[in-house]
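# Per-entry structural report
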Amino acid sequence: MSQAITNAAIEITSGRLVMRPVGPEHRDGFVAGLNDWDVAKNLSRPPFPYAVSDFEAFQTMHAERLHDGGHLAFAIENRGSETIGCISLHRGEDAVFDLGYWIAKPHWGRGFATEAGDTLLRWFQTLHPLGRIKASHFEDNDKSGRVLSKLGFVYTGETFLLTCVARHALVRSRAMIRAPSWEEQP
Ligand SMILES: CC(C)(COP(=O)(O)OP(=O)(O)OC[C@H]1O[C@@H](n2cnc3c(N)ncnc32)[C@H](O)[C@@H]1OP(=O)(O)O)[C@@H](O)C(=O)NCCC(=O)NCCS
């Protein structure tokens, strides 16, 4: 059994972080965080450089799709209410959700991506206990592979070409999958 996710007032908290649906108040944090080549080159969709209008288009699309539960994008804030990144679950045509995330560079290396991912996945699976979640990372981004492994994802062995708008290129990517209740499996 799964529930629809329609509440734009959702707030998901962890020890150091608060995650809320992306809104206009997150604009400056997104523009600052994504106007960094080291972030943009590892993501599929954001253009580089990243303009205010790019954020506005993303936020509008997100607000529309939050209604049908197909695209859940949360701004990650620290306890000082600073926007430090984004984490999202996007439902594909195969009904499997795809996990994506970024953390602004000044905040790297402190476990924030792992903490946000772990918290979001636990929240999501209370709503979709049998939901399957996939993820992928560019072949030259082992750091993200490490984050995904810590979150319980395993490599499927499949590689594929994924658009990277910032690089204006198709970049070989490694597919990963996370089974429901992976912690309970032998
Ligand atoms: C990938 C990213 C989200 C990681 O954020 P973070 O908050 O620094 O991640 P965490 O601190 O939770 O974990 C990073 C892990 O990667 C490890 N790591 C760091 N550099 C690494 C490297 N070059 N290769 C492999 N692992 C690496 C760290 O040691 C840590 O693992 P550990 O806890 O076992 O020591 C961040 O660097 C980022 O936003 N990058 C650009 C966008 C991106 O890559 N998004 C993901 C797209 S698939």
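Thresholds applied
- Residues numbered from 1 in each chain as written.
- Predicted model: local features only at pLDDT ≥ 70, side-chain atom pairs only at ≥ 80, totals over all residues.
- Heavy atoms only, no water.
- Helix = DSSP H or I, 4+ residues; strand = E, 2+ residues; numbered from the N terminus.
- Rg over C-alpha atoms; globule rule 2.2 N^0.38 Å.
- Buried < 20%, exposed > 50% of the residue type's maximum accessible area, 1.4 Å probe, protein only.
- Lys, Arg positive; Asp, Glu negative; His and termini not counted.
- Charge placed at Lys NZ, Arg CZ, Asp CG, Glu CD.
- Polar contact = N/O pair within 3.5 Å; in protein donor to acceptor, adjacent residues only side chain to side chain.
- Contact = heavy atoms within 4.5 Å.
- 1 Å grid on protein atoms, 1.4 Å probe; cavity = no way out; pocket = protein on both sides within 12 Å on 5 of 7 lines; lining within 4 Å.
- Points joined across faces, edges and corners; volume = space filled by probe spheres on them.
- Nonpolar A, V, L, I, M, F, W, Y, C, P; charged D, E, K, R; others polar.
- Near = heavy atom within 4 Å.
- Areas by Shrake-Rupley, 256 points an atom, 1.4 Å probe, with all protein chains shown as cover.
- Arc of directions from axis to C-beta.
- Axes fitted to C-alpha atoms, helices over the stretch in contact; angles between N-to-C directions.
- Parallel < 35°, antiparallel > 145°, perpendicular 65-115°, else oblique.
- Left-handed = near helix turned anticlockwise from the far one by under 90°.

### Brief notes about the overall build of the protein chain
When you go through the protein chain residue by residue, the secondary structure sums to five helices and eight strands. Going residue by residue from the N terminus, the α and β elements of the protein chain occur as β-β-α-α-α-β-β-β-α-β-α-β-β. On C-alpha atoms alone, the protein chain measures out to a radius of gyration of 16 Å, which is about the 16 Å that the 2.2 N^0.38 rule sets for 186 residues. Dimensions along the principal axes, computed over C-alpha positions, put the protein chain at roughly 45 × 35 × 35 Å. Burial status across the protein chain gives 47% buried among its 186 residues. When the 20 positive and 22 negative side-chain charges of the protein chain are each reduced to one mean point, those points stand 5 Å apart.

### Focus: the side chain of arginine 178
Checked against the element boundaries, arginine 178 lands in strand β8 (residues 169–178). Classification of arginine 178 by relative accessible area gives buried; the value is 4%. Within the structure, arginine 178 has its side chain in polar contact with the side chain of glutamine 125 (distance 2.9 Å). Among the polar contacts made by the side chain of arginine 178, one reaches the main-chain carbonyl oxygen of leucine 151 at a distance of 2.7 Å. Once you skip the residues sitting within four places of it in the chain, arginine 178 turns out to touch Leu121, Gln125, Arg132, Ile133, Leu151, Gly152 and Phe153.

### Description of the layout of surface pockets
One number sums up the size of the largest pocket: a volume of about 1,200 Å³. Ranked by residue count, the leading element in the lining of the largest pocket is strand β5 (residues 97–103), at six residues. Each residue belonging to the lining of the largest pocket can be placed in one class, and the counts come to 22 nonpolar, 15 polar and nine charged.

### Quick word on the site of the ligand
Around the ligand sit 23 residues in total, of which Gly109, Gly111, Thr114, Arg146 and Lys150 are the nearest. Between the ligand and glycine 111, the relevant distance is 2.8 Å, taken from an oxygen atom to a main-chain nitrogen or oxygen of the residue. Within the side chain of threonine 114, one N or O atom sits 2.6 Å away from an oxygen atom of the ligand. Across the complex, the protein chains shield 73% of the 960 Å² of accessible surface that the ligand would expose by itself.

### Structural notes on unusual backbone geometry
Of note, the amide linkage connecting phenylalanine 48 to proline 49 takes the cis form, showing an omega dihedral of 0 degrees. Tracing the sequence through the fold places proline 49 in the loop between α2 (37–40) and α3 (52–68). Non-glycine residue serine 81 carries a positive phi angle of around 65 degrees. For serine 81, the position within the fold is in the loop between β3 (71–78) and β4 (83–91). Phi at alanine 95 takes a positive value of approximately 70 degrees, unusual for a residue other than glycine. Inspection of the secondary structure assignment puts alanine 95 in the loop between β4 and β5.

### Focus on helix α5 (residues 142–150)
For α5, the complete set of buried residues consists of Ser144, Gly145, Val147 and Leu148. End-on view of α5: buried residues confined to an arc of 160 degrees, all on one side of the axis. Facing away from the buried surface of α5 by more than 90 degrees, the exposed residues are Asp142 and Arg146. Positive phi appears at glycine 152, one or two residues downstream of α5, with a value of about 100 degrees.

### Digging into the packing of helix α1 (residues 27–34) against α3
The N-to-C vectors of α1 and α3 enclose an angle of 120 degrees; their axes lie 9 Å apart at closest approach. On the basis of the axis angle, α1 is oblique to α3. The way α1 lies across α3 gives a crossing that is right-handed. Contacts between α1 and α3 involve Arg27, Phe30 and Val31 on the former and, on the latter, Val52, Phe55 and Phe58. Considered class by class, the residues forming the contact of α1 with α3 number five nonpolar, no polar and one charged.

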